[in-house]
Amino acid sequence: MARIDQTPFEAEITGLTHDGRGVARRENGKAVFVAGALPGERVMASQTGRNRNFDEARTVEVLVAAPERVEPRCAHFGVCSGCAMQHYAEDQQILAKQNVLLENLSRIGHVTPETVLPPLTDASWGYRRKGRFSVRRVDKKDKTLVGFREVDPRFVADVSFCHTVIPEIGDKVAALATLVDGLQARKDIPQIEFIAGDPQPDFSGIALTVRHLSPLSDADKAALVAFGQRHAFAIFLQPGGVDSVHPLWPEQVDLAFSLSEWNLEFKFRPLDFIQVNAGLNGKMIRSALDLLDAQPDERVLDLFCGLGNFTLPLARTVREVVGVEGEAGLVLRARENAVHNNLPNAQFHAADLGKDLSGHTWMREGFDKLLLDPPRSGADFVLTQLPLKQFKRIVYVSCHPASLARDAGYLVNERGWKLKAAGVMDMFPHTAHVESIAMFEPGRG
């Protein structure tokens with residue numbers, strides 16, 4: 001393949017891609033996606049990649065700036081891949097995400113919501129309570145890097161802090177790098193995961209899980225314990241797969257977060273899935289429950305339920321709710337959380353929702369409403385298996401608008417449902433990630 005000509009060229013930006021890059025056209029009409037450029041701008045760009053249908057480039061200089069352009073808060077913006085839209089005014093970021101959702105619904109699903117819901121937003125900085133830092137010892141720099149991957153994923157961004165991570169962790173990225181650099185096993189630690197629950201007496205509520213590819217020496221363990229004690233972090237070790245995770249210090253710790261509106265406390269383990277943005281999560285649950293409008297005498301099915309993030313709040317208001325999840329460990333903890341919160345009307349079952357479900361007893365029991373929060377791949381298979389006629393309403397929470405659009409097209413165009421409402425939720429401000437919610441009702445006639 002011929003080498004890419006990186007000579008800067010002038011580009012008029014006419015749109016925005018789903019991942020936050022500006023859209024322009026080359027002289028030959030070929031689309032080019034320009035990182036760091038916004039709609040309405042004229043920029044000098046340098047090509048970085050070539051594909052069959054489009055080229056890739058980065059902004060070298062902004063010749064005419066859009067009024068929505070702002071100064072990125074983070075000095076590492078444009079190098080670190082953790083954020084893609086810090087240069088875009090926050091009120092415009094969420095509108096761009098709304099446009100992505102509506103465009104996907106129209107283009108992929110051939111559907112239009114009767115109502116576009118107002119976007120849900122919360123704090124836009126210091127919100128990320130769960131994540132994974134990559135770790136790499138770089139001998140040429142004589143230092144260990146801890147952070148998110150660079151835009152070029154072969155490299156770890158050389159950062160000392162992160163504005164989007166909760167401050168208790170985001171302000172200690174440099175300290176983490178110093179800690180790992182002082183370990184004998186510093187070349188055998190590829191990642192550190194963090195997760196935060198509610199603070200407790202003498203404990204920040206934060207757990208770090210250190211992945212290590214070789215056994216740790218007593219000296220390394222002592223250094224990790226000292227770091228945990230100094231910052232009131234729980235330290236877990238992961239020498240192998242997920243099942244190998246175990247506490248280093250303290251020997252016993254309870255991680256938990258609360259949903260005060262429903263008087264609930266969720267206990268979890270350090271690698272469990274919890275929603276990244278605690279403030280937005282509460283608003284999302286309230287929105288989902290309002291859209292579902294479940295009544296006290298109704299029975300609700302909650303698919304892809306995880307720890308019971310929606311299931312247990314629903315259990316406060318309905319006769320019975322059944323949560324189904326593919327990961328057995330999450331189902332076990334969901335059951336424990338139902339007992340912990342004294343909710344005997346919440347049942348949980350483990351099932352692979354991508355396979356035949358006809359043999360499961362819960363499938364043969366009647367339901368009034370359906371709530372689902374699938375992974376990025378969506379819920380197309382399970383929707384084809386459900387007896388949809390039993391449901392009076394469906395609420396679909398989505399982390400990938402293309403999957404939602406595909407599934408909405410199936411419900412509306414093949415099964416006769418109506419897309420009554422849809423909207424976006426800013427779970428990950430300053431990134432291009434689009435979280436959305438949709439409500440469906442049976443078609444009439």
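About the thresholds
- Here the residue index of a chain counts from 1 through its sequence in written order.
- Only residues with pLDDT of at least 70 get local features here, since the model is predicted, and only at 80 or more are side-chain atom pairs given and counted; chain-wide, interface and lining totals rely on the full set of residues.
- As a rule here, side-chain values cover all heavy atoms of the structure and leave hydrogens and water aside.
- UniProt positions are given in the numbering used here, feature names are shortened, and annotations may be inferred rather than shown by experiment.
- A run of H or I in DSSP counts as a helix once it spans at least four residues, and a run of E counts as a strand once it spans at least two, with each numbered from the N terminus.
- Relative accessibility under 20% of the residue-type maximum defines a buried residue, over 50% an exposed one, and the middle range a partly exposed one, all with a 1.4 Å probe and only protein chains included.
- For this analysis, a polar contact is any N or O atom pair within 3.5 Å, provided that within protein one partner can donate a hydrogen and the other can accept it, and provided that sequence-adjacent residues contribute only side-chain to side-chain pairs.
- Residues count as neighbours in contact if any of their non-hydrogen atoms are within 4.5 Å of one another.
- Note on pairing: two strands pair once DSSP finds at least 2 bridges between them.
- Axes here mean lines fitted to C-alpha atoms, for a helix over just the part in contact, with angles spanning 0 to 180 degrees between N-to-C directions.
- Those domain boundaries reflect an automatic or database domain assignment.

- The name given to the protein chain in an unreviewed UniProt entry is 23S rRNA (uracil(1939)-C(5))-methyltransferase RlmD, with the source organism recorded as Aerolutibacter ruishenii.
- If you open the UniProt record of the protein chain and go to Catalytic activity (unreviewed entry), you find "uridine(1939) in 23S rRNA + S-adenosyl-L-methionine = 5-methyluridine(1939) in 23S rRNA + S-adenosyl-L-homocysteine + H(+)".

Focus: the side chain of E41
So, step 1. Mapped onto the secondary structure, E41 falls in the loop between β4 (31-35) and β5 (42-50).
So, step 2. Owing to a relative accessible area of 0%, E41 belongs among the buried residues under this scheme.
So, step 3. For E41, the side chain forms a polar contact with the main-chain nitrogen of L38, separated by 2.9 Å.
So, step 4. Engagement of the side chain of E41 in a polar contact is seen with the side chain of R69, the distance being 2.6 Å.
So, step 5. Not counting residues within four places of it along the chain, the set of residues in contact with E41 comprises A11, E12, I13, G36, V62, V64, A65, A66 and R69.

With respect to the sheet that holds strand β8 (residues 130-138)
So, step 1. A sheet is described by the order of its strands in space; here 6 strands give the open sequence β9-β8-β10-β11-β12-β13, paired in mixed fashion. Single-partner strands in this sheet number two, and they are β9 (143-147) and β13 (246-249). Ignoring strand direction, the axes of neighbouring strands in this sheet form an average angle of 25°.
So, step 2. Bridge count for β8 against β9 is 5 bridges, and the pairing is antiparallel.

A short note on the domain arrangement of the protein chain
Interfaces are frequently sized by the accessible area removed from exposure as the parts join.
So, step 1. Domain parsing of the protein chain yields domain 1 (8-69), domain 2 (95-123 + 275-442) and domain 3 (130-256).
So, step 2. Distance between the C-alpha centres of domain 2 and domain 3: 33 Å.

Section: unusual backbone geometry
So, step 1. Put simply, W249 and P250 share a cis peptide bond, and its omega is -15°.
So, step 2. Tracing the sequence through the fold places P250 in the loop between β13 and β14 (255-259).
So, step 3. Unlike most non-glycine residues, D202 shows phi in positive territory, near 65°.
So, step 4. Tracing the sequence through the fold places D202 in the loop between β10 (191-196) and β11 (206-211).

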